[in-house]
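# Observations on the three-dimensional arrangement
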Amino acid sequence: MSYLLTRLPPFAADYSGVASALHDLGGLVVIHDASGCTGSYTGYDEPRWFSSDSSVLSSGLREFDAIMGNDQKLLDNIIRATRDRDYSFVAVVASPVPMLVGFDVDGFATLVEHETGLPAFGFATTGFDLYDKGLAAAFRAVAERFVAEPEAPPQGANILGASPLDDIGPAQLLRLHRVLDRAGLPLISVWGQQSGLQAIAGAAGAAVNLVVAAAALPLARLMQRRWGIPFVTGLPLDSRDEIALAAALATASGNPTPTDDAECCDGHAPSGDIVVLVGEQVAMNAVRCALHRRHPATTVRVASFFAWDESLAEPGERRLANEEDAAGWLADQSPSLVVGDPLLASLLPETARTSFIAAPHRAVSARLDCRPVGRSHQPEQETADFLEEILCRVPATLAAISVP
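## A few points about the overall build of the protein
In terms of regular secondary structure, the protein is built from 15 helices and 13 strands. Sorting the 404 residues of the protein into buried and exposed places 55% on the buried side. Taking all contacts inside the protein whose residues are at least 6 apart in sequence as the whole, residues at least 24 apart take part in 70%.

Spelled out as structure tokens, the structure:
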């Protein structure tokens, strides 16, 4: 029953994570489904879909074809599609029904590669895992297939995990670019959006990686093992964060700057007021750090349904296994304030006197945004400044809480 959802909608699934990670790389993404999974990705999960020319093909799987294993029909459609347009690769992304009947996605991808002459991947996504696992799988597959061995001394930096499914949009990317400029590091590639295969191919020549989402940590560790590239984890919310992150990147790349006046969020004395931040771990860690700078006495705890790394967690913080687990944990915390996707407000105990601040997360509420708490939906901002919006609203709430 751990998958049972009675108050929350299904989160963005693993196949959406794969498709989103490959969105800007110039390939043909084939989702092997009956069109529902493709519709979820293109219509709800992927904010770039309606303004881009990225190609996604649904296999239009029907019951008879699934039962009889008629893969030739799908192969013919892929061959026809690759003749109409130049693609850099073909990615075959599975969904629940093909995996239930034992579809050999890797074997089929090999067949596609043989028939089309294009590099092909197979992703054994089931729809029961979440988008962060899809992102991690796609990042790893791209790194192993397309990243070339470096031919020059390392320089510059990659940004890893900048996914629109985690609401990283143009404004946040601009801030990340400023961080690299401040650190004196040319941008090599952005993983998750923006960069094409040509930039990705040169990623192994970077001197350091900046990881902006926990789903990209497996990629960062792979690049560290294979090419010796160190990494720094963080997501800047303001100019002070930019200075701190730039200093950390410069130091990790072997070129420390004299701007090491970075502020640390350690050393706070916890109080009785508990603020709980529920969302992507790296993003919420950034909010926690910013809150500690402004209100050192406030206890802030981060939790997430998605990719989780214990090395980034503080005591009392944890990954949430499912809806029931999250509701129980929130009740145990008795927080004064919860920040998270607006749909998560339904998990709070009915009798709790807990304030709630909406921080929409694309992977949770997709285009529904903040209807449960009455905030208007503004699609043009959903991938841009939502973290800054949280930061502007939280201090006022904390100030109200601290009034005797």
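Read on for the rest.
## Observations concerning the packing of aromatic side chains
Using the criterion set out here, one finds 10 aromatic pairs in the structure. Ring geometry for phenylalanine 89 versus phenylalanine 121: centroids 5.6 Å apart, planes at 75 degrees, classification edge-to-face. Of the two residues, phenylalanine 89 sits in the loop between helix H4 (71-84) and strand S3 (90-93) while phenylalanine 121 sits in strand S4 (residues 120-123), which places them 32 residues apart along the sequence. Assigned by exposure class, phenylalanine 89 and phenylalanine 121 land together as buried. Seen in terms of ring centroids, phenylalanine 89 and phenylalanine 146 are 5.8 Å apart; in terms of plane orientation they differ by 45 degrees. Their pairing is tilted. Of this pair, phenylalanine 89 sits in the loop between H4 and S3 while phenylalanine 146 sits in helix H7 (residues 131-146), and the two are 57 residues apart along the sequence.

## Section: the sheet that holds strand S11 (residues 318-319)
Taking strand neighbours across the sheet as the criterion, the five strands line up as S11-S10-S9-S12-S13 in an open arrangement whose pairing is parallel. Looking at strand neighbours, the two that pair on one side only are S11 and strand S13 (355-358), the edges of this open sheet. In the sheet, strand S12 (residues 337-340) pairs with S13 via four bridges, with the strands oriented parallel. Note on S13: the bridge partner recorded for valine 338 is phenylalanine 356. Where helix H12 (residues 281-294) meets the sheet, its contacts fall on strand S9 (274-278), strand S10 (299-304) and S12, and the angle it forms with S10 comes to roughly 175 degrees. Relative to S9, helix H13 (residues 323-333) is tilted by about 160 degrees, and along the sheet it contacts S9, S10, S11 and S12.

## Digging into the nonpolar core
Residues Leu22, Phe123, Trp191, Leu249, Leu277 and Phe305 are the most contacted members of the largest nonpolar core, which totals 106 residues. Here the element with the most residues in this core is H7; it accounts for eight residues. If you look at the next biggest cluster of nonpolar residues, it comprises 17 residues, including Leu75, Tyr87, Val112 and Ala120.

## Focus: empty space enclosed by the protein
A full pass over the atoms with the stated rule returns four cavities of 30 Å³ or more. Roughly 110 Å³ of volume is contained in the largest cavity. Taken together, 17 residues form the lining of the largest cavity, with Val278, Gly279, Glu280, Met284 and His361 sitting closest to its centre. Its residues placed into classes, the lining of the largest cavity shows 10 nonpolar, three polar and four charged. Looking at the second largest cavity, its volume works out to about 70 Å³. Contributing to the lining of the second largest cavity are 14 residues, with Ala21, Leu25, Trp191, Gly192 and Ile200 lying nearest its centre. The element contributing the most residues to the lining of the second largest cavity is H7, with three residues. Taken together, the residues of the lining of the second largest cavity break down into nine nonpolar, four polar and one charged.

Cut-offs used in this document
- Residues numbered from 1 in each chain as written.
- Predicted model: local features only at pLDDT ≥ 70, side-chain atom pairs only at ≥ 80, totals over all residues.
- Heavy atoms only, no water.
- Helix = DSSP H or I, 4+ residues; strand = E, 2+ residues; numbered from the N terminus.
- Buried < 20%, exposed > 50% of the residue type's maximum accessible area, 1.4 Å probe, protein only.
- Contact = heavy atoms within 4.5 Å.
- Phe/Tyr/Trp six-rings, centres within 6.5 Å; stacked < 30°, edge-to-face > 60°.
- Pairing = 2+ DSSP bridges.
- Axes fitted to C-alpha atoms, helices over the stretch in contact; angles between N-to-C directions.
- Core = buried A, V, L, I, M, F, W, Y, C linked by side-chain atoms within 4.5 Å.
- 1 Å grid on protein atoms, 1.4 Å probe; cavity = no way out; pocket = protein on both sides within 12 Å on 5 of 7 lines; lining within 4 Å.
- Points joined across faces, edges and corners; volume = space filled by probe spheres on them.
- Nonpolar A, V, L, I, M, F, W, Y, C, P; charged D, E, K, R; others polar.

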